[in-house]
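Structural characterization, general
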Amino acid sequence: MAPGTSYTDNAEGLSAKVIRESAERSRDRLGVDKLDLLYAHIDDHAVPQRETVEGFAELVAEGTVGLLGVSNQAMWRVERARALAAAAGLPGYEVLQYQHSHLRPRFDVPSELFPDGSLGHAGAELLGYLRAEPALTLVAYSPLLAGAYVRRGKPLPPDYDHPGTPARLAVLREVARETGASVNQTVLAWQLGGELPIVPLAGASSVAQLEENLAAVDLELTAEQRARLDAAH
């Protein structure tokens, strides 16, 4: 994209040419011969899905890309792309990267990119898709809501301003107190140890935050605590 532009007015798209050129630029920047995981970041309705599917598959066949992932697309589009790949005997999307945390946002808030409501959050349809397709993995971005769980003066994003948030937040804090862990660690442990395959993609701005996040790997929640966290609404 050109400087100062956005996904809605100057996105490169998902043509086979763009996919190849974008992957080459990424390999050059990273100094690697192979990208372990390459994502289709947002949808491109102007390009036939078959071209996109075949464009990604060519890179896998050449050995310059490992796994394929997708983000910010409707589940029906993801399934259609995977069905096209399967029918042609080609590799398809195996990783879904969507925003996911313990608190649940509203999905009906329109935006410039998503005029019918958010396609960037992991909602009931995506989670149900994970249950039905065990080979898929969810990479959960912004699991800690940019510090809003713990930072004073950092409000929750507007799409979390609804009646279900206080009750779910109360249970989260209650479980954190019981474990002696931080709220952030509790969120990450809840994602990591659940029945669905979720990999939190948590950012950090200091070594202390990184160490706090990593310690969540060793935090084991009881089945009863998990049930409370899951059921809170």
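So, a few notes on the structure that sits alongside this text. (Residues numbered from 1 in each chain as written. Predicted model: local features only at pLDDT ≥ 70, side-chain atom pairs only at ≥ 80, totals over all residues. Heavy atoms only, no water.)

1. A look at the overall build of the protein
In plain terms, the rule: Secondary structure is summarised from DSSP: a helix means a run of H or I of at least four residues, a strand means a run of E of at least two, and numbering begins at the N terminus for each. The size measure is the radius of gyration over C-alpha atoms, and the globule rule it meets is 2.2 Å times the number of residues to the 0.38 power. Exposed residues in this analysis have more than 50% of their type's maximum accessible area, buried residues have under 20%, and partly exposed residues fall in between, with area computed by a 1.4 Å probe over protein chains only. The criterion used for residue contact is that any of the two residues' heavy atoms lie within 4.5 Å.
Scanning the protein from N- to C-terminus turns up nine helices and five strands. Starting at the N terminus and walking to the C terminus, you meet the elements of the protein as α-α-β-α-β-α-β-α-β-α-α-β-α-α. For 233 residues, the compact-globule estimate of 2.2 N^0.38 gives 17 Å, and the C-alpha radius of gyration of the protein, at 19 Å, lies within 12% of that figure. The C-alpha extent of the protein, read off along each of the three principal axes, is 50 × 35 × 35 Å. Expressed as a percentage of its 233 residues, the buried residues of the protein come to 41%. Within the protein, contacts between residues separated by at least 24 positions form 74% of all contacts whose residues are at least 6 apart in sequence.

2. Re the pairing of strand β2 (residues 65–71)
How we decide: DSSP-based pairing: two strands are paired if at least 2 bridges between them are found. Note on handedness: a crossover is taken as right-handed if, strands pointing away from the viewer, the path from the first strand over the helix to the second is clockwise.
Most of β2 is tucked away, with five of its seven residues classed as buried. Pairing analysis gives five bridges linking strand β1 (residues 35–40) to β2, with the strands arranged parallel. The residue of β2 that forms the bridge with Leu35 is Val65. Traced from β1 through helix α3 (residues 49–62) to β2, the parallel crossover comes out right-handed. Read as a crossover between parallel neighbours, the route from β2 over helix α4 (residues 75–87) to strand β3 (residues 95–99) is right-handed.

3. What to know about the side chain of Thr186
Rules: Pairing of N or O atoms within 3.5 Å defines a polar contact, subject to two protein rules: one partner must be a possible hydrogen donor and the other a possible acceptor, and residues neighboring in sequence count only if both atoms are side-chain atoms.
Turning to its location among the elements, Thr186 is positioned in helix α7 (residues 183–192). In this structure the side chain of Thr186 is engaged in a polar contact, spanning 2.9 Å, whose partner is the backbone oxygen of Ser182.

4. Topic: the environment of Pro115
With respect to the secondary-structure elements, Pro115 resides in the loop between β3 and α5 (124–132). The exposure class assigned to Pro115 is exposed, which follows from its relative accessible area of 55%. Counting along the chain gives 44 residues from Pro115 to Asp159, while the straight-line C-alpha distance between them is 15 Å.

Everything listed is a geometric property; what it means functionally is a separate question.
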